[in-house]
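# Architecture and fold: a report
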Amino acid sequence: MKTFTLSKSLVVLGIFSFLLLSLGTNKLMLYSLDEAKNAECAREMFEHHNWIVPTFNDELRTDKPPLHYWVMMSSYHLFGVSEFSARLGSILAGVGTILLTFFFAWRNRNPRTAWITALVLLASLHIGVQFRMAVPDPYLIFFLTLAWVSFFEWYRKLDQSFQSSRWIWLMYLALGLGVLTKGPIALVLVGLSGGLFLFMRKELGYLLQMKLLPGIILILVLTLPWYLSVHQATGGAWTEGFFLKHNLSRFQAPMEGHGGFFLVTPLYVLIGLLPFSVFLPQAIYSAWKQRRQQEVLAFALSVAMVVVGFFSFSGTKLFNYTVPSYPFVAFLIGAFLDTVLEQESLWKSLRPSLIVYIVLAALLPIAFYLGLRLDPVVSHLAGWAFIFLTFPLGAAAAWYRFRHHQLNRTIMALTGSFIVTAILFFQLAYPIIDRENPVSQTIQLIGPEQKVIAYKQFNPAYVFYLNRPVEVMQTPEALQNALQVHPSVMVISRTEFLSELDEFEQLQEVIRKRDLFETPTTILLKKSPEY
């Protein structure tokens, strides 16, 4: 590690990160609700040569701004429409986030802290999942990380006018792109964390040197053309749906059942950054004690506190909401472990955390086995839980190295066990489990010439894989009219509406398949030839 320059280290880390995050992405269907809707929205915009109005199933989609759609559209143009093309931008955003975090740690601490920080991120299975998904979050995380890193570089170089100015402009550029990715949340998170950091340093006066007015103008130049265009093109419908429903309402109250108690948000971070999150309480305590002497620790604390605190107060709580904090939480862990490596007298302080992890590692394979075994859809695949035996094996290896005062190898054992698990899971087990989803099991039963109708609710992945709109009927009367008009019809719905569908004598049940790890069951019915 010590013989590598920063540039060479970035190249090696970038290649490895890309290969790791790419594993299995072409083997997994765009099955989850969010992935399917985002990928299909980008496909419709791509096919219609429409860069302004997002649509899903030929209807206006107000969930998010367009930047991730634009990236997917470009990927479709270069590589064709596929699962990998839809996810490529997310993979690159993940690689970029890891490299930015590595750069931040190298420049503001030392190479060893940078490598440990990168290992914390690479070992996280949640990072592996998040940056494989065709959703806007990976893009937002990258632009937020770029904005935060740029802010701190600006702060460090305030006495060097040219270099400081360059970094602050880069921050405003990242913020503008963040607003094009997921809206004003980018401004809120960066503004609050930067303000908290300067407040902690008693340097709020530095805000006057941030070129706020020119920066706001740059953000508006980047974002207003599209926001005004979509507002005009949809008669204000997109603006109302996005800002009122998907921002204000989402923060005020749980949406789609995604709520939870206050402490669930920090719990997400602890789960998401396993195995190294077992050291997080010690890392935070250590950073807090040194925050006045080491400004970089104060900054990382500010980012983590704002992101976790903000979403703790949000009515809607999702696992992915806390991921923007991961790069700086990983840095806090990396800085702490680097300090322990330097001072052998601190090694014993890691013992309780390692014991906690050993217990967790022993329970994780059992938990995954039971999770598969208890789900009737994939219970026959419960044997695949054996790959998670790498957790206790890695924990045992880490403990052995720790007992022999080899902390650097302890870190590598923890990292290696999770990376090996990620390779086995995403390349082998997950694709096999994914094939059991109802869309994969039923899509071949729908003929290319059949009229496809959905009754009330259906999985959006059908639209992507059928490559044609699915007409949605919300009332029995509307469905009856459609059945009279079309000679060959396939109806997609859920068993919860079966009592209403039973009234249609002309419909015959074809198949029913339960969703993976969820209670809804998809049902397909076709119109009998007799009618």
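Described below are features of the structure shown in this document. The structure displayed is predicted, hence computed values, not measured ones. (Residues numbered from 1 in each chain as written. Predicted model: local features only at pLDDT ≥ 70, side-chain atom pairs only at ≥ 80, totals over all residues. Heavy atoms only, no water.)

## Details of the overall build of the protein chain
- What the protein chain contains, in helices and strands, is 22 helices and seven strands.
- Over its C-alpha trace the protein chain gives a radius of gyration of 25 Å, about what one expects of a compact globule, namely 24 Å for 531 residues.
- The principal-axis extents of the C-alpha atoms in the protein chain amount to approximately 80 × 55 × 40 Å.
- Classification of the 531 residues of the protein chain by burial places 55% in the buried group. (Helix = DSSP H or I, 4+ residues; strand = E, 2+ residues; numbered from the N terminus. Rg over C-alpha atoms; globule rule 2.2 N^0.38 Å. Buried < 20%, exposed > 50% of the residue type's maximum accessible area, 1.4 Å probe, protein only.)

## Comments concerning the sheet that holds strand 6 (residues 507-514)
- Spatial ordering of the open sheet is given by 4-3-5-7-6, a layout of five strands whose pairing is mixed. Edge positions in the sheet fall to strand 4 (471-473) and strand 6, since each has one partner strand and no second. Across the sheet, the mean angle from the axis of one strand to that of its neighbour is 25°, orientation sign disregarded.
- Pairing between strand 5 (residues 489-494) and strand 7 (residues 521-527): five bridges, direction antiparallel. Within strand 7, the position partnered with V491 by the bridge is L525.
- Along the sheet, helix 21 (residues 476-485) makes contact with strand 3 (451-455), strand 4, strand 5, strand 6 and strand 7, crossing strand 3 at roughly 170°. (Pairing = 2+ DSSP bridges. Axes fitted to C-alpha atoms, helices over the stretch in contact; angles between N-to-C directions. Contact = heavy atoms within 4.5 Å.)

## Topic: the pattern of salt bridges
- Tallied over the entire structure, the rule returns 14 salt bridges.
- Here E35 and R87 are joined by a salt bridge, their closest N and O atoms 2.8 Å apart. One end of the pair, E35, is in helix 2 (residues 33-47); the other, R87, is in helix 4 (residues 83-108), and 52 residues separate them in sequence.
- Taking relative accessible area as the criterion, R87 reaches 2% and is therefore assigned buried.
- Each of R109, R112, D338 and E342 takes part in salt bridges that share partners, so that together they form one network. (Salt bridge = Lys/Arg side-chain N within 4 Å of Asp/Glu carboxyl O.)

## A short note on the side chain of T55
- Looking at the element boundaries, T55 is found in strand 1 (residues 55-56).
- At 2.9 Å, the side chain of T55 forms a polar contact with the side chain of E44. (Polar contact = N/O pair within 3.5 Å; in protein donor to acceptor, adjacent residues only side chain to side chain.)

## Quick look at unusual backbone geometry
- Cis geometry is adopted by the peptide bond preceding P275, which originates at L274 and carries an omega value of 10°.
- Relative to the helices and strands, P275 is located in the loop between helix 12 (264-272) and helix 13 (280-290).
- Its identity is not glycine, yet D58 carries a phi of approximately 65°, on the positive side.
- Topologically, D58 is positioned in the loop between strand 1 and strand 2 (59-60).
- Non-glycine residue K211 carries a positive phi angle of around 55°.
- Looking at the secondary structure, you find K211 in the loop between helix 9 (185-200) and helix 10 (212-233).
- Look at K211 and you get partly exposed, because its relative accessible area is 35%.

## Things to note about the pairing of strand 6
- Summarising the sheet, strand 6 and strand 7 pair through seven bridges and their orientation is antiparallel. Looking across to strand 7, one finds that K513 is bridged to T522.
- Between strand 6 and strand 7, which pair antiparallel in sequence order, lie six residues; one of them, F517, sits at a positive phi of approximately 60°.

## Structural notes on helix 16 (residues 351-373)
- If you check helix 16, its first and last C-alpha atoms are 34 Å apart, about what 23 residues at 1.5 Å a residue would give, namely 33 Å.
- By the largest-angle criterion, L363 marks the main kink of helix 16, which is about 30°, and a proline, P365, follows within four residues.
- For helix 16, the full list of buried residues reads S353, L354, Y357, A361, L364, P365 and L372.
- The secondary structure elements touched by the buried residues of helix 16 are helix 13, helix 17 (390-403) and helix 18 (407-434). (Expected span 1.5 Å × (residues − 1). Bend = angle between axes of the 7 residues up to and from the residue.)

## Considerations on the nonpolar core
- Ranked by internal contacts, the top residues of the largest apolar core, which has 106 residues, are W148, F276, F279, F299 and L337.
- Those residues in contact with F299 that lie beyond four places of it in its chain are F104, W148, F151, F152, F197 and F328. (Core = buried A, V, L, I, M, F, W, Y, C linked by side-chain atoms within 4.5 Å.)

## Some details on the side chain of T97
- Looking at the secondary structure, you find T97 in helix 4.
- You can call T97 buried: its relative accessible area is 2%.
- Reaching out from T97, the side chain makes a polar contact with the backbone oxygen of A93 at a distance of 2.8 Å.
- With sequence-adjacent residues up to four places away left out, T97 is seen in contact with F131, I141, F142, T145 and P327.

## Remarks on the pairing of strand 3
- Counting buried positions along strand 3 gives four out of five residues, so the element sits mostly inside the fold.
- With four bridges connecting them, strand 3 and strand 5 associate as parallel partners. Directly across from A454, in strand 5, lies its bridge partner I492.
- Relative to strand 4, strand 3 is paired through three bridges, and the arrangement is parallel. Bridge assignment links Y455 to a residue of strand 4, and that residue is M473.

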